[in-house]
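Spelled out from the first residue to the last, the chains are:
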Amino acid sequence: MPRVLGIETSCDETGVALVQDGMILAQELASQAELHSLFGGVVPELASRRHLTVLPRLCDELLHRCGGGVDGVAVARGPGLLGALLVGLNYAKGLAFSLGVPLAGVNHLHAHLLAPGLEGDIPYPALGLLVSGGHSHIYRMDSPVEFELLGRTLDDAAGEAFDKAAKVLNLPYPGGAIIDSLAREAEPIPELFPIPYVDNDNLDFSFSGLKTAFANHAASNPHLRLRSLPGEGSVNSTKEAVHPEVPGVLASFSHSVSEACRIKLARALDREAQRRMPVAGLVLAGGVAANSFLRDSMVSLARERDLPVILPSFALCTDNAAMVALAGGVLLERNLGHDNSLDAVPRGRKVPDDAVSGLGFAGGERVDIG
Ligand code: KG4
Ligand code: ZN
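In what follows, the accompanying structure is described. Treat the numbers as computed from the prediction; the structure is a model and nothing was measured.

## A short note on the packing of helix H6 (residues 175-183) against helix H9 (residues 246-274)
For step 1, the next point in the chain: Taken N-terminus to C-terminus, the directions of H6 and H9 make an angle of 115°; their axes are 8 Å apart at the nearest point. Classified by the interaxial angle, the pair formed by H6 and H9 is roughly perpendicular. Every pair of crossing elements has a handedness; the one defined by H6 and H9 is left-handed. Within the contact between the two elements, H6 uses Ile 179, Leu 182 and Ala 183 and H9 uses Pro 247, Leu 250, Ala 251 and Ser 254.
For step 2, the next point in the chain: Counted by class, the contact of H6 with H9 contains six nonpolar, one polar and no charged residues.

This is the structure:
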């Protein structure tokens, strides 16, 4: 079975991984969270420059550890931060050319949805909920290469809502994980915040109303705001420093987000049944898939509908290169790939299905650069 090297640089994680036959042989991941925490969010230019210096080192380490042996290169080509993507893309093109192996440009969103496949089998056809820093999307997944977008983010994505809520309370960046660990210690007050954008008949998501409700609540309860960030901003020091009401407020916020997701996913299941295209399982993906409230509500929805639910482990929820290698391998094995004109796709733009037949593993001759 061919070995695929995956490269991920779409945001603030630099990742490389080697995947063979759906198994991770090795991976390296360097987070830039510390760099961007100084600014309370990702600074695109700093992200690109950090990828530029870190990626070659990670790649060398990985190849050294695995003794080479790469049959194809896969790279996240968007959506993401344009400059950051270009670093990974150019590196991938150079590497594929120098090794004489095929290249596949991967849709970062599809890679998230396929990530649970590194730990088990995805039950196709499946409904996938992708919730990350930039997206809250519902997909029908008929196979590893067939994705139908059924519902999408209209404004702030789920992860963005978590990050902004954290910022309002002056909690350390990135906010999602810290909110989750605080919220887990309390019971939600279900009526504290609205369940956003569910009184309609569509499958789209809008978290901006919830974000405003949260900001208003914080403004009228200034004691909830952390006065100064605890020294190293660790989970434990933050837990000790926050006001005792904060975990309950965050549990209520997390409850509202997860309820919105549960309601829309239940609606999507009903719609697919009405279309006489019932699905065989649910897949949760993206950084927010690590959220404990969301995981619990997906498990209870799946139980209600008597369906299996695939929850990726935490490391596979957030950005990583193993999912990129897996998704690239899926294309290359179908003899699909890209040439050196592969372009990056910035956030907010649709990633085209432009992989070309004949450029994958069964393709023509490899380039010999002697
Ligand atoms: O998928 P991802 O790593 O990057 C993007 O492609 O956006 O997702 C990052 C997002 C951030 O907004 C982060 O705050 C959120 O995922 N996140 C969480 C949790 N862990 C990460 N949100 C809620 N609960 C968590 N446990
Ligand atoms: Zn992502």
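## A short note on the sheet that holds strand S3 (residues 23-31)
Paired through backbone hydrogen bonds, the strands of a sheet run either parallel or antiparallel to each other.
For step 1, the next point in the chain: Pairing in this open sheet of five strands is mixed, and the strands run S3-S2-S1-S4-S5 from one edge to the other. What marks the edges here is a single partner per strand, and that holds for S3 and strand S5 (103-107). Direction aside, the axes of adjacent strands within the sheet are offset by 20° on average.
For step 2, the next point in the chain: Bridge count for strand S2 (residues 13-20) against S3 is eight bridges, and the pairing is antiparallel. Bridge pairing in S3 links Leu 18 to Ala 26.

## Focus on the coordination of the zinc ion (ligand 2)
For step 1, the next point in the chain: Around the zinc ion (ligand 2), the donor atoms from the protein are His 108 (NE2), His 112 (NE2) and Asp 319 (OD), and they sit 2.1 Å away.
For step 2, the next point in the chain: For the zinc ion (ligand 2), the four donor atoms in the first shell make angles of 91 to 142° at the metal, so the coordination geometry reads as irregular.
For step 3, the next point in the chain: On the primary sequence, the residues serving as donors to the zinc ion (ligand 2) are separated as H-x3-H-x206-D. With His 108 and His 112 both in helix H4 (residues 108-114) and four residues apart, the pair spans about one turn of that helix. Residue His 108 shares its accessibility class with His 112, and that shared class is buried.

## Observations regarding the sheet that holds strand S7 (residues 136-143)
For step 1, the next point in the chain: The sheet built from five strands is open, its strands ordered S8-S7-S6-S9-S10 with mixed pairing. Each edge of the sheet is formed by a strand with only one pairing partner; in this case those strands are strand S8 (146-151) and strand S10 (309-310).
For step 2, the next point in the chain: As defined by bridge partners, strand S6 (residues 126-131) adjoins S7 across six bridges and the pair is classed as antiparallel. Along S7, the bridge assignment pairs Leu 130 with His 137.
For step 3, the next point in the chain: Across the sheet, H9 touches S6, S7, S8 and strand S9 (281-285), and the angle it forms with S6 is around 155°.

About the cut-offs
Residues numbered from 1 in each chain as written. Chains lettered and ligands numbered in written order. Predicted model: local features only at pLDDT ≥ 70, side-chain atom pairs only at ≥ 80, totals over all residues. Heavy atoms only, no water. Axes fitted to C-alpha atoms, helices over the stretch in contact; angles between N-to-C directions. Helix = DSSP H or I, 4+ residues; strand = E, 2+ residues; numbered from the N terminus. Parallel < 35°, antiparallel > 145°, perpendicular 65-115°, else oblique. Left-handed = near helix turned anticlockwise from the far one by under 90°. Contact = heavy atoms within 4.5 Å. Nonpolar A, V, L, I, M, F, W, Y, C, P; charged D, E, K, R; others polar. Pairing = 2+ DSSP bridges. Donors = N, O, S within 2.8 Å, 3.2 Å for Na, K, Ca; no water. Tetrahedral: all angles 85-135°; square planar, octahedral: opposite > 155°, others 65-115°. Buried < 20%, exposed > 50% of the residue type's maximum accessible area, 1.4 Å probe, protein only.

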